[in-house]
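Each chain, letter by letter, is given below.
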Amino acid sequence: MTEASHGSGRSTLRRAAPLVAGGACVALLATLPLLNIRVPGILPTATYQPGTLALLSLAMIFAGLALSYNMLLGTAGMLSFGHALYFGAGAYGLGIVLENLSVPLWPGILIALVGGLVIALVTGAVSIRVTGIPFAMVTLAFAQGGSVLVRRNAAVTGGDEGLSLNTDHVPDFFLGVINTRNMYWLTLAILVFVYLVALWIDRSRLGHLSRASRENDLRLQVLGLRPAYAKLITFAAAGLCASLMGVVYVLLQSGTTPTAVSADLTITILVMVVLGGVGFRWGAIVGGVLYTLLDQRLTVLAGSDVIASLPDVLRVPLSQPLFILGVLFILVVMFLPGGIAGTVDAWWRRRRGRARATSLRALDAESAGAPDIAQEARP
């Protein structure tokens, strides 16, 4: 077999490896509700029990939300401070539709998603007229406006108390503790769908144009291309995916609160993306899951007797989960500037570079007529 055929086989294997690994991960996650796996300190109960399934479902919701935000920041380079607006649009949209229109669940979801898409298109069309910090400030202004509307229209949104989900039109297999596994599988399916949308965006001409616009918007305009169109479609796709995760969130939690549209949630999503690695789809998922699990488990740890028994100098900061998360985020930024995925990717590239250099040295030795040296260079 020739060296070219060897290289072609390795290239095909490298392309297929992410697909195989992703399929294996999805298959494993899909079977978790049927398995009795315990992870002390991370999962509260066994994987087949409702408490753990609800926690994992919440983690996948935020993983999908982080993935949608990565479309903006990682693909198009748009730093948004208002992404929670579209998550809240999906959550509040479904709750309001089911409460006031008395439609079945699936048409209600469709109406909520159409509303989220319209909001994303309108706000995106205004926001992309500027770039950089002004863009971030415009998106923040839209999110703050949405938060004010939610809080001051208590008759529709429930105000500060939040909005409870009207379950009269929700199918029974999504209701009750006993059906938590059905919500888990629904959340997993939606996460896979959002990932496929992000994959399509990244690999399509639209994604290439968005990335090129991130580097030099003016050059694209000179070439006769339309970067604003690409950025608007990417913005709308990210907003629609965020609304979809909001719909699943309100079903899982049986309601929502004004925090779903707050700027604090957007900052949290940004932390998830940076933690996982900006520009890496699997990094956004890892960041979202890891942050959610840490947030939940650190909250339990903060109220434990172990922390309560510590001296005040340790007890006070350790009893604040946000303090611990903040310290961890600082450590990641300092020592893993590319995030988890960026660090793994850099290590893998260095490893491949060393292997390629070794192979080239072996070939050079063979061509120079030094088989002994070539033999030593081979692994």
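Here the structure is a predicted model, which is why all the values come from computation and not from measurement.

Q: Quick rundown of unusual backbone geometry? Include the residues and the values.
A: One non-glycine residue with positive phi stands out, namely serine 102, at about 55°. Topologically, serine 102 is positioned in the loop between helix 3 (84–100) and helix 4 (105–127). For serine 254, which is not glycine, the phi torsion reads 60° and is therefore positive. One can find serine 254 in the loop between helix 10 (227–253) and strand 2 (255–256).

Q: Before we move on, could you go through the pattern of salt bridges and cite the residues and values that matter?
A: Note on pairing: side chains with opposite charge can pair once their charged atoms come close. This structure, assessed with the given rule, holds 3 salt bridges. Where arginine 151 meets aspartate 160, a salt bridge forms, and the shortest distance between an N and an O atom there is 2.7 Å. On the basis of relative accessible area, arginine 151 is assigned to the partly exposed category, the value being 38%. Two residues, arginine 349 and aspartate 345, come together in a salt bridge whose shortest N-O distance is 2.8 Å. Residue arginine 349 and its partner aspartate 345 are both found in helix 16 (residues 339–367); the two are separated by 4 residues, about one turn of the helix. With relative accessibility at 24%, the residue aspartate 345 sits in the partly exposed group.

Q: Could you give an account of the nonpolar core, naming the residues involved and the relevant values?
A: With 68 residues, the main nonpolar core has Met71, Phe87, Leu94, Leu105, Val194 and Leu251 as its most contacted residues. Sequence-distant contacts of leucine 105, defined by excluding residues within four places in its chain, comprise Leu94, Leu98, His169, Val170, Pro171, Phe174 and Leu251. Formed by 9 residues, the second largest nonpolar core is a distinct cluster that contains Leu32, Leu43, Tyr184 and Leu191.

Q: Go over the packing of aromatic side chains, please, and point to the residues and values.
A: Throughout the structure, instances matching the rule amount to 8 aromatic pairs. Look at phenylalanine 62 and tyrosine 249: their rings are 6.4 Å apart centre to centre, the planes differ by 65°, and that puts the pair in the edge-to-face class. Placement of phenylalanine 62 in helix 2 (residues 50–75) and of tyrosine 249 in helix 10 is noted, with a sequence separation of 187 residues between them. Looking at phenylalanine 62, the relative accessible area reads 13%, which means it is buried. Where phenylalanine 135 meets phenylalanine 235, the ring centres are 6.2 Å apart and the plane angle is 90°; that geometry is what we call edge-to-face. Residue phenylalanine 135 is located in helix 5 (residues 132–152), and its partner phenylalanine 235 is located in helix 10; the two are separated by 100 residues in the primary sequence. Grouping residues by exposure puts phenylalanine 135 and phenylalanine 235 together as buried. Site record: aromatic cluster; members linked through ring pairs are Phe62, Phe87 and Tyr249.

Rules used in this analysis
- Residues numbered from 1 in each chain as written.
- Predicted model: local features only at pLDDT ≥ 70, side-chain atom pairs only at ≥ 80, totals over all residues.
- Heavy atoms only, no water.
- Helix = DSSP H or I, 4+ residues; strand = E, 2+ residues; numbered from the N terminus.
- Salt bridge = Lys/Arg side-chain N within 4 Å of Asp/Glu carboxyl O.
- Buried < 20%, exposed > 50% of the residue type's maximum accessible area, 1.4 Å probe, protein only.
- Core = buried A, V, L, I, M, F, W, Y, C linked by side-chain atoms within 4.5 Å.
- Contact = heavy atoms within 4.5 Å.
- Phe/Tyr/Trp six-rings, centres within 6.5 Å; stacked < 30°, edge-to-face > 60°.

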